[in-house]
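# Descriptive analysis of the structure
As a plain string of letters, each chain reads:
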Amino acid sequence: MAELYIRVAEDENEEPMEIPSEDDGTVLLSTVAAQFPGACGLRYRSPVSQCMRGVRLVEGILHAPETGWGNLVYVVNYPKDNKRKMDEIDASSAVKIKRGVQKTSDLIVLGLPWKTSEQDLKDYFSTFGEVLMVQVKRDVKTGNSKGFGFVRFTEYETQVKVMSQRHMIDGRWCDCKLPNSKGGEQQSPDEPLRSRKVFVGRCTEDMTAEELRQFFMQYGEVTDVFIPKPFRAFAFVTFADDQVAQSLCGEDLIIKGVSVHISNAEPKHNNIHLFSNFPGRSPSLAAMFERSQYQFPSSHV
């Protein structure tokens, strides 16, 4: 049987590329995604109605229209929130473009003297660059300082400079770090957390931890992959760099021909106690959250 090719393009007016079909006449979505990274389906213009029609997709397999593939040009579909620009080479380049302008983060200032006020903090850090926000964390009942606070700068370069050194504030040495950095500090429930862990939704049961690790390593160093057992159609991936994790949030990516959605993973100390209070809660599910240290993002609960 001669190998059948179908004509695929990103736009109806572009020169199409020929994509090989399988022996049964179907086309694997992974074959399309190999040439058009990020693709999640195909559509074509009906010769009869002149309307665009979607190609049926079942478990990563594209099925030909009733009249066969024919000589039509099939246009690639991309996830709504991740439409591929014509000048982008692949899906990873889109993430790199997204990460091109580095944003500043809230930095935690550890070891503050009890007497230090927010104005003191602003006056000190203003010597490094423009300050967007300062905050001294205080006890709700007594109003006394908790011994730490937060600062945020306008420029990323200022943030890097501040993090590279210790600071003498009101006669005491203080450290300035990202809230989830590897400095070993205890994290307070009051601290904002830029998570290095992401929630990967819409996973399929044939995806292994090693396959997920290899896929996400193209974006940055992966330190951990967790797939709950029994299988629940999601996984958690942890990066060494929180900016890599944040840059992927909101993206739809193709893994093994399946479109998965990436979103923030929420730290368990923010809401694991809520789960433990549910009537008739499942011990195995609570244990799963305890092992993973993270819950579903709120949009998936």
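Residues numbered from 1 in each chain as written. Predicted model: local features only at pLDDT ≥ 70, side-chain atom pairs only at ≥ 80, totals over all residues. Heavy atoms only, no water.

## Quick notes on the overall build of the protein chain
The helix and strand inventory of the protein chain stands at eight helices and 20 strands. Considering only contacts in the protein chain between residues 6 or more positions apart, those separated by 24 or more positions represent 62%. A total accessible area of about 16700 Å² is found for the protein chain, and carbon and sulfur atoms account for 50% of it. (Helix = DSSP H or I, 4+ residues; strand = E, 2+ residues; numbered from the N terminus. Contact = heavy atoms within 4.5 Å. Areas by Shrake-Rupley, 256 points an atom, 1.4 Å probe, with all protein chains shown as cover.)

## Examining the sheet that holds strand β6 (residues 57-58)
Note: strands within a sheet are paired through backbone hydrogen bonds, in either parallel or antiparallel orientation. Spatially, the three strands line up as an open sheet ordered β3-β7-β6, and their pairing is antiparallel. Two strands lie at the open edges of the sheet, namely β3 (27-28) and β6, each paired on one side alone. (Pairing = 2+ DSSP bridges.)

## Structural notes on the sheet that holds strand β2 (residues 17-20)
Read from one edge of the open sheet, five strands run β2-β1-β8-β4-β5, paired in mixed fashion. Two strands in the sheet have a free side with no partner beyond their single neighbour: β2 and β5 (52-54). In this sheet, neighbouring strand axes are inclined to one another by 45° on average, regardless of whether the strands run parallel or antiparallel. (Axes fitted to C-alpha atoms, helices over the stretch in contact; angles between N-to-C directions.)

## With respect to the environment of G60
Relative to the elements of secondary structure, G60 occurs in the loop between β6 and β7 (61-62). Taking the C-alpha atoms as reference points, G60 and C40, separated by 20 residues in sequence, lie 8.9 Å from one another. Look past the residues within four positions of G60 in its chain and what remains in contact with it is V27, L28, L29 and G257.

## Re the confidence of the model for the protein chain
Do not read the predicted coordinates in detail wherever pLDDT is low. On average, residues of the protein chain carry a pLDDT of 78, and 74% of them reach 70 or more. Averaged over each element, pLDDT in the protein chain is lowest for helix α7 (residues 268-276) (44) and highest for helix α3 (residues 118-125) (94). Within the model, pLDDT remains below 50 along residues 96-100, and this stretch shows eight contacts once partners closer than five positions in the same chain are excluded. (pLDDT = per-residue confidence, 0-100.)

## Structural notes on helix α4 (residues 156-163)
An α-helix turns once per 3.6 residues; consequently, residues spaced three or four apart project the same way. Listed as buried for α4 are Y156, T158, Q159 and V162. In a view along the axis of α4, the buried residues occupy a sector of 155°, so they form one face of it. Contact partners of the buried residues in α4: β9 (107-110), α3, β11 (145-153), β12 (167-169), β13 (172-177) and α6 (242-248). (Buried < 20%, exposed > 50% of the residue type's maximum accessible area, 1.4 Å probe, protein only. Arc of directions from axis to C-beta.)

## Overview of the pairing of strand β18 (residues 258-264)
Buried residues dominate β18, accounting for five of its seven residues. Where strand β14 (residues 197-201) meets β18, four bridges bridge the pair, whose relative direction is antiparallel. Looking across to β18, one finds that F199 is bridged to S263. The sheet contact formed by strand β17 (residues 252-255) and β18 spans four bridges and is antiparallel. From the neighbouring strand, D252 faces β18, where its bridge partner is H261. Count of turn residues in the β17/β18 antiparallel hairpin: two residues, of which K256 carries a positive phi of about 55°.

## Thoughts on the side chain of T26
Of note, T26 is situated in the loop between β2 and β3. A distance of 2.6 Å separates the side chain of T26 from the side chain of D24, its partner in a polar contact. (Polar contact = N/O pair within 3.5 Å; in protein donor to acceptor, adjacent residues only side chain to side chain.)

## Describing unusual backbone geometry
In the segment running from K229 into P230, the intervening peptide bond is cis, with an omega of 0°. Positive phi, close to 50°, is recorded for E59, a residue that is not glycine. Along the chain, E59 falls in the loop between β6 and β7. Among the residues examined, E59 registers a relative accessible area of 78% and is labelled exposed. With phi around 70°, A233 is a residue other than glycine that occupies positive phi space. Tracing the sequence through the fold places A233 in the loop between β15 (222-226) and β16 (234-239). Of the residues examined, A233 reaches a relative accessible area of 31% and is grouped as partly exposed.

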